[in-house]
Amino acid sequence: MGRADTQYRERLRVPLRWWIQGNLLVASFWLALVVAVPEALAWGISAALALLLAMGLRTYGGSRVVVEDGWLRAGRARIELGFVGPAQALDRTSAREVSGRLADARAFLLLRPYLPEAVRIEINDPDDPTPYWLVGSRRAPALASAVNESRYR
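Here is what the cut-offs are and how they apply
Residues numbered from 1 in each chain as written. Predicted model: local features only at pLDDT ≥ 70, side-chain atom pairs only at ≥ 80, totals over all residues. Heavy atoms only, no water. Helix = DSSP H or I, 4+ residues; strand = E, 2+ residues; numbered from the N terminus. Buried < 20%, exposed > 50% of the residue type's maximum accessible area, 1.4 Å probe, protein only. Lys, Arg positive; Asp, Glu negative; His and termini not counted. Charge placed at Lys NZ, Arg CZ, Asp CG, Glu CD. Core = buried A, V, L, I, M, F, W, Y, C linked by side-chain atoms within 4.5 Å. Contact = heavy atoms within 4.5 Å. 1 Å grid on protein atoms, 1.4 Å probe; cavity = no way out; pocket = protein on both sides within 12 Å on 5 of 7 lines; lining within 4 Å. Points joined across faces, edges and corners; volume = space filled by probe spheres on them. Nonpolar A, V, L, I, M, F, W, Y, C, P; charged D, E, K, R; others polar. Phe/Tyr/Trp six-rings, centres within 6.5 Å; stacked < 30°, edge-to-face > 60°. Lys NZ or Arg CZ within 6 Å of the ring centre and 35° of its normal. Salt bridge = Lys/Arg side-chain N within 4 Å of Asp/Glu carboxyl O. Axes fitted to C-alpha atoms, helices over the stretch in contact; angles between N-to-C directions. Parallel < 35°, antiparallel > 145°, perpendicular 65-115°, else oblique. Left-handed = near helix turned anticlockwise from the far one by under 90°.

Asker: How would you explain the overall build of the chain if you had to name every residue and give the values?
Answerer: Across its full length, the chain holds four helices and eight strands. Written out in order from the N terminus, the α and β elements of the chain read β-α-α-β-β-β-β-α-β-β-β-α. Viewed in the frame of its principal axes, the chain has a C-alpha envelope of about 65 × 40 × 25 Å. Per-residue burial over the chain gives 36% buried out of 153 residues. In the chain, 20 side chains carry a positive charge and 15 a negative one; their mean positions are 6 Å apart.

Below you can see the structure in the form of structure tokens.
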């Protein structure tokens, strides 16, 4: 969990299979390059591609969802819990509907394709045009519970 005042913390890491598939892609590039250019150049280009892959996957999977100190943070966005309404954990089907055909264009979304569940968090700030946040999570019920409990502290 982290500090004593942290109610919830999660990092939205990419799954292992993305790392494996990415490295297989880099290996395929190396195989295509090694027959066309000098071997040292093929290794250099492949190393650069592997570095770009690692940076991209770490950045994409580096988003955090944190409930602490009276704040909700989802990725780069944050909001005081005093402006947050009820949070509802959504299963795979509900999350797909709310992020798809039932979505509001003004909503804040932090979703990842490898996270089937999400939490819908109502926003009660009259100055904020965002009606709700939709945040992907591996532990959606725990996140919803942390938001709901923290609203009343």
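Asker: So what about the nonpolar core? Which residues, and what values?
Answerer: Nonpolar side chains in soluble globular proteins generally cluster together in the buried interior. Membership of the largest hydrophobic core comes to 26 residues, with the highest contact counts inside it found for Val67, Leu72, Ile121, Trp133, Val135, Leu143 and Val147. Every element with two or more residues in this core is listed here: strand 2 (64–68), strand 3 (71–74), strand 4 (77–80), strand 5 (84–90), strand 7 (118–123), strand 8 (132–136) and helix 4 (140–150). Ranked by the residues each element gives to this core, the list is headed by helix 4, at five residues. Non-local contacts of Ile121, meaning those with residues more than four positions away in its chain, are made with Leu72, Val84, Gly85, Pro86, Ala87, Tyr132, Trp133, Val135 and Val147.

Asker: Got a sec to walk through the layout of surface pockets? Specific residues and values, please.
Answerer: The calculated volume of the largest pocket comes to roughly 210 Å³. Together, Arg92, Ala95, Arg96, Ser99, Leu111, Arg112, Pro113, Leu115, Pro116, Glu117 and Ala118 line the largest pocket. Top contributing element to the lining of the largest pocket by residue count: helix 3 (residues 92–99), with four residues. The residue makeup of the lining of the largest pocket, split by class, is six nonpolar, one polar and four charged.

Asker: Quick rundown of the packing of aromatic side chains? Include the residues and the values.
Answerer: Per the stated rule, a full pass over the model turns up five aromatic pairs. On the numbers, 5.1 Å between centres and 80° between planes, the contact of Trp18 with Tyr114 is edge-to-face. Residue Trp18 is found in helix 1 (residues 16–34), and its partner Tyr114 is found in the loop between strand 6 (108–110) and strand 7; the two are separated by 96 residues along the sequence. With a centroid separation of 4.8 Å and an interplanar angle of 50°, the aromatic rings of Phe108 and Trp133 are classed as tilted. Of the two residues, Phe108 sits in strand 6 while Trp133 sits in strand 8, which places them 25 residues apart along the sequence. It is Arg78 that lies over the ring of Trp71; its NZ or CZ is 4.2 Å from the centre. Here the guanidinium or amino end of Arg112 rests over the ring plane of Tyr60, the centre of that ring lying 4.2 Å away.

Asker: Describe the side chain of Arg11, and please don't skip the residues or the numbers.
Answerer: Following the sequence through the fold, Arg11 ends up in strand 1 (residues 6–11). Summary of buried charges: Arg11 has no salt-bridge partner, and the nearest side chain of opposite charge, Glu10, is 11 Å away. When neighbours within four sequence positions are excluded, Arg11 is seen to be in contact with Arg58, Gly61, Gly62, Ser63, Arg64 and Arg138.

Asker: Could you give an account of the packing of helix 1 against helix 2 (residues 39–60), with specific residues and numbers?
Answerer: How two helices sit against one another is set out by the angle between their axes and by the gap between those axes. Following both chains from N to C, one finds helix 1 and helix 2 inclined at 160°, their axes separated by 9 Å at the closest point. If you check the angle between helix 1 and helix 2, you find them roughly antiparallel. In this structure, the crossing between helix 1 and helix 2 has a hand that is right-handed. In contact with Trp18, Trp19, Gly22, Asn23, Val26, Phe29, Trp30, Leu33 and Val34 of helix 1, helix 2 contributes Glu39, Ala42, Trp43, Ile45, Ser46, Leu49, Ala50, Leu53, Ala54, Leu57, Arg58 and Tyr60. Here the residues of the contact of helix 1 with helix 2 sort into 16 nonpolar, three polar and two charged.

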